[in-house]
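# Coordinate analysis (summary)
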Amino acid sequence: MPNCDRFYLNGVWEDAADARRMPIINPATEAAVGEVALGDAHHVARAVAAARAAFPSFARTTPAERLELLGAVQASYKKHFAAMGEAICTEMGAPLGFLASTAQAGSGLAHFKCTAQALRDFPFERRQGNSLILREPVGVCALITPWNWPANQMACKIAPALAAGCTMVLKPSELAPLSAQLMATILHEAGVPAGVFNLVHGDGAGVGAPLAAHPEVDMVSFTGSTRAGVQVMKLAADTVKKVALELGGKSANILLDDASLPAAVAHGVQTLMTNSGQNCNAPSRMLVPAHRLAEAEALAVAALAGIVPGDPRAPETRLGPVANGAQFARVQALIEAGVAEGGRLLAGGPGRPTGLAQGYFVQPTLFSGVSPQMQIAREEIFGPVLCLIPYADEAEAVQIANDSVYGLSGYVYSADPARSLALARQLRTGNVHLNGAPVDLAAPFGGYRQSGLGREWGVYGLEEFLETKAILGAPSA
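As a starting point, this report considers the structure included with it. (Residues numbered from 1 in each chain as written. Predicted model: local features only at pLDDT ≥ 70, side-chain atom pairs only at ≥ 80, totals over all residues. Heavy atoms only, no water.)

Here we come to the overall build of the chain. The secondary structure content of the chain amounts to 15 helices and 20 strands. When burial is assessed residue by residue, the chain has 58% of its 477 residues classed as buried. In the chain, once contacts between residues fewer than 6 apart in sequence are set aside, the share between residues at least 24 apart is 74%. About 17,900 Å² of surface is accessible on the chain, with carbon and sulfur atoms providing 56% of the total. (Helix = DSSP H or I, 4+ residues; strand = E, 2+ residues; numbered from the N terminus. Buried < 20%, exposed > 50% of the residue type's maximum accessible area, 1.4 Å probe, protein only. Contact = heavy atoms within 4.5 Å. Areas by Shrake-Rupley, 256 points an atom, 1.4 Å probe, with all protein chains shown as cover.)

So, in structure tokens, the structure goes:
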């Protein structure tokens, strides 16, 4: 893997000789695989200036021209598809086959395709009485992305920004720079005009904060922790920027008393463990009828027994490490807190799995008898840790599910589709999966409360990068 020691500014790769460095760590081995340059406010200023200069001409491009550009990006992405999976496996430990390549790299390509479809049918102009209503690009956009689904999160911001006619500066996570470096190569080879896309590596203090505060940035689209999202909002407030935030979650998975418990528990465990629990919409709270708790416990223990952590490059591995040392320490601390609070530990626990002395591997962990007030039931753990929470009746299940500062996702299982839909309507979350329904990249993704502001994906993501203008008294065509 190459070092990430260059920034992509105004269509040119530039050596960041003046930037400090930090190692890129492979979380499966804890070994350095390269270095990433960490930019600062000076690099941010140059990137924003390039994006500002490119905006007037790119904003005037037609939807047809931008649709052609998105097609070129997809073609370029396909050429680098295998390399994207390799990069994600190396930088954040996702198992190479079914996750890093198929799901992670695949989701990035899928967002470019889905956004192109949204652009193809989008009404940028419409008549309303004597007025002409226009949808116009918001301007220069700061895109700040996390390490847990790097290709997915970059694509679901870059694609709609391009589709809208915006220019942008990307600050990827400094912990996952390899996939970002490759994304910049993909866009360059696709012919994205100089200045439309710019990349500056760096941390939150050195690059994220100057980007969010920069007076020439019109919008910040941020994905990450709620704590960091709050800081982005504060920094953006002085210049009254548009802010879109996709933040944390603590999603409830409600298994109703008529659900097929073997299927529902197995699917809930598998869904949580995907990506080592590092999904903002992970169903980390499994709510089960109190009279079926023992049955659910046995089923969950059996499901976890089949999930064995291991080398993410081994074909049989389904659970890799968590992505970095700081996340490993956080997950360990929360597991220990769960034990101290009185959660019944049915599987896993503190420490690394047997046979894995190196790497940020966490034991797949199951707590039961968890009360809604426990720390492990309220904080986003972002690791392979599942909490079983009993409930007395449907009303209590809804109350427990909604008793959270978050509101990103929810899950409901029932043998009666009408009953599951009725319960879903009561959940204060941005989306709800009924009976194992998969994600829909054309549906809106985002949350209530401290899970964020705005929506991503498909036409809803495109709309976030647009302003609305009314021209009153406009003549008819």
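Resuming the write-up.
Turning our eyes to something else, we now look at the sheet that holds strand 6 (residues 131-137). The antiparallel open sheet is built from three strands, whose spatial order is 5-6-20. Among the strands making up the open sheet, the edge pair consists of strand 5 (125-128) and strand 20 (466-472). For this sheet, the mean angle separating the axes of adjacent strands, direction not counted, is 25°. (Pairing = 2+ DSSP bridges. Axes fitted to C-alpha atoms, helices over the stretch in contact; angles between N-to-C directions.)

Along the polypeptide, S101 turns up in helix 4 (residues 96-120). With relative accessibility at 17%, the residue S101 sits in the buried group.

Moving on, we come to the pairing of strand 16 (residues 385-391). Strand 16 sits mainly inside the fold: six of its seven residues count as buried. Note: strand 13 (residues 285-289) against strand 16, five bridges, orientation parallel. Opposite R285, over in strand 16, you have C387 as the bridge partner.

Before going further, it helps to examine the sheet that holds strand 13. Ordered by their spatial adjacency, seven strands build an open sheet running 14-15-16-13-12-17-18, and the pairing between neighbours is mixed. Only two strands of the sheet have a single partner each, and these edge strands are strand 14 (344-347) and strand 18 (431-434). With strand direction ignored, the average angle separating the axes of adjacent strands in the sheet is 25°. The strands touched by helix 13 (residues 394-402) are strand 12 (252-255), strand 13 and strand 16; relative to strand 16, the strand with the most contacts, the crossing angle is about 140°. Where helix 14 (residues 417-424) meets the sheet, its contacts fall on strand 12, strand 17 (409-413) and strand 18, and the angle it forms with strand 18 comes to roughly 165°.

Applying the stated rule across the entire model yields 17 salt bridges. R344 serves as the salt-bridge partner of E297, at 2.6 Å between the closest nitrogen and oxygen. Taken together, the residues E297 in helix 10 (residues 293-305) and R344 in strand 14 connect sequence positions 47 residues apart. The buried category is assigned to E297, whose relative accessible area is 13%. Residue classification places R344 among the partly exposed residues on the basis of a relative accessible area of 39%. In the salt-bridge network here, residues are joined through shared partners; they are D257, D258, E394 and R419. (Salt bridge = Lys/Arg side-chain N within 4 Å of Asp/Glu carboxyl O.)

A separate point is helix 6 (residues 177-189). The terminal C-alpha atoms of helix 6 lie 19 Å apart, and with 13 residues this matches the ideal 18 Å at 1.5 Å per residue to within 8%. The buried fraction of helix 6 amounts to 10 of the 13 residues, a majority that puts the element mostly inside the structure. Within helix 6, the full set of buried residues consists of P177, L178, S179, A180, Q181, L182, M183, A184, I186 and L187. (Expected span 1.5 Å × (residues − 1).)

Before going further, it helps to spend a moment on the packing of aromatic side chains. All told, the structure shown has eight aromatic pairs when counted by the stated rule. Ring geometry for W147 and F382: centres 5.7 Å apart, planes at 75°, overall edge-to-face. Of this pair, W147 sits in the loop between strand 7 (140-144) and helix 5 (150-164) while F382 sits in the loop between helix 12 (375-378) and strand 16, placing them 235 residues apart in sequence. An identical accessibility class is assigned to W147 and F382; each is buried. Taken together, Y8, W13 and F197 form an aromatic cluster joined through their ring pairs. Here R66 stacks its cationic end above the ring of F124, 5.4 Å away from the centre of that ring. A cation over a ring is seen here: R318 above F98, with NZ or CZ 4.6 Å from the ring centre. (Phe/Tyr/Trp six-rings, centres within 6.5 Å; stacked < 30°, edge-to-face > 60°. Lys NZ or Arg CZ within 6 Å of the ring centre and 35° of its normal.)

Turning to the packing of helix 2 (residues 63-79) against helix 4, a few remarks are in order. Across the interface, helix 2 lies against helix 4 with an axial gap of 10 Å and an inter-helix angle of 165°. With respect to each other, helix 2 and helix 4 are oriented roughly antiparallel. For the pair helix 2 and helix 4, the crossing hand works out as left-handed. When helix 2 is examined against helix 4, the residues P63, R66, L67, L70, V73, Q74, Y77 and K78 are found in contact with a partner set consisting of A105, G108, L109, F112, K113, T115, A116, L119 and R120. A per-class count over the contact of helix 2 with helix 4 returns 10 nonpolar, three polar and four charged. (Parallel < 35°, antiparallel > 145°, perpendicular 65-115°, else oblique. Left-handed = near helix turned anticlockwise from the far one by under 90°. Nonpolar A, V, L, I, M, F, W, Y, C, P; charged D, E, K, R; others polar.)

By the secondary structure assignment, E463 is in helix 15 (residues 458-464). Linking E463 and V301, residues 162 residues apart in sequence, is a C-alpha distance of 44 Å. For E463, the contacting residues outside a window of four places in its chain are F122, R135 and K242.

Let us now look at the packing of helix 7 (residues 204-213) against helix 8 (residues 226-237). Here helix 7 crosses helix 8 at 40°, and the two axes come no closer than 7 Å. Judged on the interaxial angle alone, helix 8 and helix 7 are oblique. Only V232, L235 and A236 of helix 8 make contact with helix 7, whose side of the interface consists of A209, A212 and A213.

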